Amino acid sequence: MILLTYIIYTFGEYYGYKSLSSTYENIKTLKKIYNDDLYLIIGADNLIELNTWKNHTYLLENCKFIVFDRNGIDVKKYIKSFFENYENKFIIKKEEENL
C-alpha cells in the first residue's frame, strides 16, 4: 500500500522525472513505478472539488481516497450523491483520528 497526500509533486524530482503538474499525471507515473494500491489523503474540502480535478474518473478508478471529515461537510452524503459508483474507493476518517 502506498500512501500519498494530495501534494505529491516533488516525487518526480526524486525519481529523476520532470516535475509533473497534476495529481492525475503523478498518479499515472506512480502506477508505472509501483505495483501496489495507491491512496490519496484529502480533506472533505478537497472532496467537494474532486469532480473538477483533471481526469478525476481515472483517479477514482486507480486510487483509493482517505478523506478527513472536516468543515462540517457530510462526507458520506456527498460521496453517495456524487460518487455512488465509487463508494468503495473512499475511507472516511474523523479529523482527530490517526491513519
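Treat the numbers as computed from the prediction; the structure is a model and nothing was measured. (Residues numbered from 1 in each chain as written. Predicted model: local features only at pLDDT ≥ 70, side-chain atom pairs only at ≥ 80, totals over all residues. Heavy atoms only, no water.)

K.L.:
Explanation requested: the overall build of the protein in the structure shown.
P.N.:
Helix and strand content of the protein: 5 helices and 4 strands. Element order for the protein, N to C, with α for helix and β for strand: β-α-α-β-α-α-β-α-β. When burial is assessed residue by residue, the protein has 39% of its 99 residues classed as buried. Of the contacts made within the protein by residues no fewer than 6 positions apart, 65% connect residues no fewer than 24 positions apart. Counting every atom, the protein has about 6,200 Å² of accessible surface; 46% of that belongs to carbon and sulfur. (Helix = DSSP H or I, 4+ residues; strand = E, 2+ residues; numbered from the N terminus. Buried < 20%, exposed > 50% of the residue type's maximum accessible area, 1.4 Å probe, protein only. Contact = heavy atoms within 4.5 Å. Areas by Shrake-Rupley, 256 points an atom, 1.4 Å probe, with all protein chains shown as cover.)

K.L.:
What is the right way to read unusual backbone geometry from this model?
P.N.:
Note on backbone geometry: most residues besides glycine have negative phi, and most peptide bonds are trans. Here the phi dihedral of N55 falls at roughly 50°; this positive angle occurs in a residue that is not glycine. Here the phi dihedral of N71 falls at roughly 60°; this positive angle occurs in a residue that is not glycine. Among the structural elements, N71 can be located in the loop between β3 (64–69) and α5 (75–82). N71 gets classed as exposed once you look at its relative accessible area, which sits at 59%.

K.L.:
Can you help me understand the packing of aromatic side chains in this one?
P.N.:
Two measures describe an aromatic ring pair: the distance that separates the ring centres and the angle between the ring planes. Evaluated as defined, the whole model comprises 5 aromatic pairs. Judged by centre distance (5.4 Å) and plane angle (25°), the rings of F65 and F90 are stacked. Linking F65 in strand β3 with F90 in strand β4 (residues 90–94), this pair joins segments that are 25 residues apart in sequence. Across the pair, exposure class does not vary: F65 and F90 are buried alike. Note on F83 and F90: the rings are 5.7 Å apart at their centroids and 35° apart in plane angle, and the pair reads as tilted. Given the relative accessible area of 3%, F83 is considered buried. Every member of this aromatic cluster is reached through a ring pair, and the members are F65, Y78, F82, F83 and F90. (Phe/Tyr/Trp six-rings, centres within 6.5 Å; stacked < 30°, edge-to-face > 60°.)

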